[in-house]
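Structural description and commentary
Read off the chains here:
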Amino acid sequence: MEIAAPRPKTEGLNLMKRVQVLVVGAGPVGTTAAYRLAKAGIDVMVVEALAGCPEDMRASTMHPPTLDMMAELGVLEDLEVQGLRAPVYQYRNRRSGEVIEFDMAELSDISRHPYRLQCEQFKLSRLLVRKLEALQPGSVRFLHRLVGFEQDADGITAQVETPFAIETIRADYVIGADGANSSVRKWTGTEFEGFTYPERFLTLSTAYPIEKHFDRLVSVNYVADVEEWCVLLRVPAFWRILVPTHSDVTDEELLSDAYKDSVLDRLTHNGPAVATSHRTLYRVHQRVAKSFRSGRALLAGDAAHLNNPLGGFGMNSGIHDVWNLTEKLREILKDGGDGDALLDRYDRQRRQIAHSFVQTQTIENKRMMESGNGEQRSEMEIQLESVVKDDARRRAYLLRQSMYQSLAEEAGIG
Ligand SMILES: Cc1cc2nc3c(=O)[nH]c(=O)nc-3n(C[C@H](O)[C@H](O)[C@H](O)COP(=O)(O)OP(=O)(O)OC[C@H]3O[C@@H](n4cnc5c(N)ncnc54)[C@H](O)[C@@H]3O)c2cc1C
């Protein structure tokens, strides 16, 4: 009997799909990266493990510089019709009802979009997927999970599990925008330094008019209290309510009707009358990857850094990561730029901002929410009041919380 000669190893390579940039994850960060690269004429593929962009209730705030970026991508008009403009945000003392208000209209001399857009993150991801598919048909692959990759001097060979096969994709670069549990981060052996808070955060969404129970509530409200602070955020169809929970209560109890009723009783005095359409529990981390670059594999968004949601910086800073990164990839792939130098600079710039701004500010924002002092003014409230009364300090505060300051700092990092 004749034994077939073994197939030469290179044969399989002919069947490989080839792209310039493989993006892992079709969340807001991956889709922004892919669409911006595609618009620059770079051949991209997005692989997403799920069957579509999930309708999860996480980010809903887009800050002014992110809106500037979306305008440049040509998608802002489509987003605006799906969101709400929120120029004003408030800090409130839950017990005294005292309000400290900031108005981003004060930034209209430097910003074309001096407001937050309250718009759920899945609306952005889905819009960008549609745009990307129109520009590069077939470039978004749902039910495609990255299951491994190897890199050599010239590129990355990735294995992707599809419903019917393991496919091989060869790319010049891989962007790991695959979220908090990033496989790209794990396979590159990158440490994810930081800590996890003991309490989980509970988010509830309701169409009930919460504003009836407060004086002058706006669309973005941070309500400080030493026992149970909360965030009240408006999106077009719902109020979203975010509260911390006690670490000794089980998930089941926290997601029960009884717990929902108790949270909403404290806000509206009639919890059972308030129906919710979503209830989700989140673990909250403060972590930054030790490096955002491992050769040709780049980390961005939640894969690279995690923070508490107070201030709305997670998704926004992830989008700012890929704004920086895609510009450098364009320079490398289109203009023959120096790959090592440019990608090392990406790592330096965005990792430093993750530490100096995103981590520092979100930890501080959480401390402020917890700093209630009953009816009395807390130290934080006194500080904020003095900021709001001083023109120069108020402007600096607005520039920092709107994220313009962090982008200016990033540009100065060599
Ligand atoms: C309660 C809450 C409120 C928040 N509010 C805000 C806010 O107002 N503003 C803000 O800026 N941020 C906010 N955030 C943070 C924000 O949700 C995240 O920062 C954002 O989702 C990160 O986007 P991403 O694209 O990096 O990751 P993700 O949105 O997590 O997307 C990652 C994608 O990768 C896919 N994936 C994972 N592994 C693989 C694999 N091996 N192969 C293929 N696909 C894979 C996943 O299925 C997923 O679709 C909030 C977070 C929480 C929990």
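As shown above, the structure is provided for reference.
Fair warning: this is a prediction, and the values are worked out from it, not measured in the lab.

Things to note about helix α7 (residues 257-268)
With twelve residues, α7 extends 15 Å between its outermost C-alpha atoms, agreeing within 8% with the 16 Å of an ideal straight helix rising 1.5 Å per residue. All of the buried residues along α7 are Y259, K260, D261, V263, L264, L267 and T268. Those residues of α7 that are buried lie in contact with β12 (192-206), β14 (230-235), β15 (238-244), α6 (251-254) and β16 (278-289). Positive phi shows up at H269, right after α7, with a value of about 65°.

Things to note about helix α4 (residues 121-135)
Between its first and last C-alpha, α4 extends 21 Å over 15 residues, near the 21 Å set by a 1.5 Å rise per residue. Along α4, the residues that are buried comprise Q121, F122, K123, L124, S125, L127, L128, V129 and L132.

Some details on the packing of helix α1 (residues 28-39) against helix α2 (residues 64-73)
Contact geometry of α1 with α2 gives a least axis separation of 11 Å together with a crossing angle of 40°. On the basis of the axis angle, α1 is oblique to α2. Handedness of the α1/α2 crossing: left-handed. Contact residues: α1 offers T32, Y35, R36 and K39, while α2 offers M70, E72 and L73. Taken together, the residues of the contact of α1 with α2 sort by class into three nonpolar, one polar and three charged.

Looking at the site of the ligand
Looking at the ligand, there are 31 residues lining it, with E48, Q121, D302, M315 and N316 nearest. One nitrogen or oxygen atom from the main chain of T61 is found 3.2 Å from an oxygen atom belonging to the ligand. A distance of 3.0 Å separates an oxygen atom of the ligand from a polar backbone atom of G312. When the free accessible area of the ligand is taken as 1000 Å², the share hidden by the protein chains comes to 90%. For the shell around the ligand, the secondary structure elements donating two or more residues are α1, β2 (44-48), β9 (145-151) and α8 (314-335). Among the elements that line the shell around the ligand, the one with the most residues is α8, at three residues. Grouping the constituent residues of the shell around the ligand by class yields 13 nonpolar, 13 polar and five charged.

Calculation rules
- Per chain, the residues get numbers from 1 upward, laid out in the order the sequence is written.
- Two thresholds apply to this predicted model, a pLDDT of at least 70 for residue-level local features and 80 or more for giving and counting side-chain atom pairs, whereas whole-chain, interface and lining totals are computed over all residues.
- As a rule here, side-chain values cover all heavy atoms of the structure and leave hydrogens and water aside.
- The secondary structure listing takes helices from DSSP runs of H or I that are at least 4 residues long and strands from runs of E that are at least 2 residues long, numbered from the N terminus.
- In a helix, the anticipated span is given by 1.5 Å times the number of residues less one.
- Buried means the residue's accessible area, taken with a 1.4 Å probe over protein chains only, is under 20% of the maximum for its type, while exposed means over 50%, and partly exposed covers the values in between.
- Residue contacts follow a heavy-atom distance rule, with two residues in contact if any of their heavy atoms lie within 4.5 Å.
- Convention adopted: a line fitted to C-alpha atoms gives each axis, helices being fitted over their contacting stretch, and angles between N-to-C directions are expressed from 0 to 180 degrees.
- Angles below 35 degrees are treated as roughly parallel, those above 145 as roughly antiparallel, those between 65 and 115 as roughly perpendicular, and all remaining angles as oblique.
- Crossings are sorted by hand: turned counterclockwise from the far helix by less than a right angle, the near helix makes the crossing left-handed, and turned clockwise it makes it right-handed.
- Amino acids outside the nonpolar list (Ala, Val, Leu, Ile, Met, Phe, Trp, Tyr, Cys, Pro) and the charged list (Asp, Glu, Lys, Arg) are all regarded as polar, and Gly is one of them.
- Here a residue counts as near a molecule or strand whenever at least one of its heavy atoms sits within 4 Å of it.
- The term polar contact refers here to a pair of N or O atoms within 3.5 Å; inside protein, the definition further demands a hydrogen-donor-capable atom paired with an acceptor-capable atom, and it admits residues adjacent in sequence only when both atoms are side-chain atoms.
- Per-residue and other accessible areas follow the Shrake-Rupley method at a 1.4 Å probe size, with only the shown protein chains counted as cover for residues.

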